[in-house]
Amino acid sequence: MWGIVIGLISGALMSVQGVFNSEVTKQSSIWLAAAFVQISAFVVCVAAWLVTGKDGSISSLWGVQPKYMLLGGAIGAFITYTVIQAMNQCGPARAVVFIVTAQIVVAYIIELMGLFGVEKQPFEWRKVIGLAAIIAGIITFKWK
């Protein structure tokens, strides 16, 4: 149950963040806005790490295997950039529809193929039907 609540909060925060970042971009530049987002996130994360009792040492990061798992922050920079661009070009609602759909499709492919250390899951037609329903929803949502 908490996972669902946290997921809903995450989605809501992502939408609000996308709108905020788009406005910062309009008043500065895309890469400056993206850099500010990443730097401010870094500051918040370090503060939270210090406040919560430093559960893990900095050196533990160098033990992470495989090493490509450490690219999450770099990927985050491009996520920030693409969300800002999508929000500016499509508007918040359309952008989020496309973003969430892409997240679901890619997450399902990761599960099906067992990529990045995720436990491989069996193919299920009901999930494909769900994806088709989402795509039908996009078409309906976009329809003028």
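In short, a report on the structure. Computed from a predicted structure; not experimentally measured. What you see as residue numbers is a count from 1 along each chain, following the sequence as written. Per-residue local features are limited, in this predicted model, to residues with pLDDT of at least 70; the limit for side-chain atom pairs, both in listing and counting, is 80 or more; totals at the level of whole chains, interfaces and linings are taken over all residues. In computing side-chain values, all of the structure's heavy atoms are included and hydrogens and water are not.

## Side note on the layout of surface pockets
Note the cut-off: A pocket, in this scheme, is an open set of points on a 1 Å grid over the protein atoms alone with protein on both sides within 12 Å along at least 5 of 7 lines, while a cavity is a set where a 1.4 Å probe fits but cannot get out; residues line either one if an atom lies within 4 Å of a point. Grid points are joined across faces, edges and corners, and a volume is the space filled by probe spheres set on the points. Here a helix means four or more residues in a row that DSSP labels H or I, a strand means two or more in a row labelled E, and each is numbered from the N terminus.
Considering only enclosed or pocket space, the largest pocket measures out at about 550 Å³ in volume. What lines the largest pocket is a set of 17 residues, and nearest its centre among them are Phe42, Cys45, Val46, Leu61 and Gly73. Those elements that place two or more of their residues in the lining of the largest pocket are helix H2 (30-51) and helix H3 (72-90). If one sorts the elements of the lining of the largest pocket by residue count, H2 sits on top with six residues.

## Remarks on H2
For the record, the criterion: Working rule for helices: expected span equals 1.5 Å times residues minus one. A simple rule labels every residue: compare its accessible area, found with a 1.4 Å probe on the protein chains alone, to the largest value its type can have, and call it buried under 20%, exposed over 50%, or partly exposed in between. Note that the arc is defined by the directions from the helix axis to the C-beta atoms. Two residues form a contact once any of their heavy atoms are found within 4.5 Å.
Between its first and last C-alpha atoms H2 spans 32 Å; for 22 residues at 1.5 Å apiece the expected length is 32 Å, and the two agree. By the burial criterion, the buried members of H2 are Ile30, Ala33, Ala34 and Val37. Taken around the axis of H2, the buried residues stretch over an arc of 100°, which confines them to a single face. Looking at H2, the residues exposed on the side facing more than 90 degrees away from the buried face are Leu32, Phe36, Ile39 and Phe42. On the buried face of H2, the contacting elements are helix H1 (2-27) and H3. Positive backbone phi, at 100°, marks Gly53, one or two positions downstream of H2.

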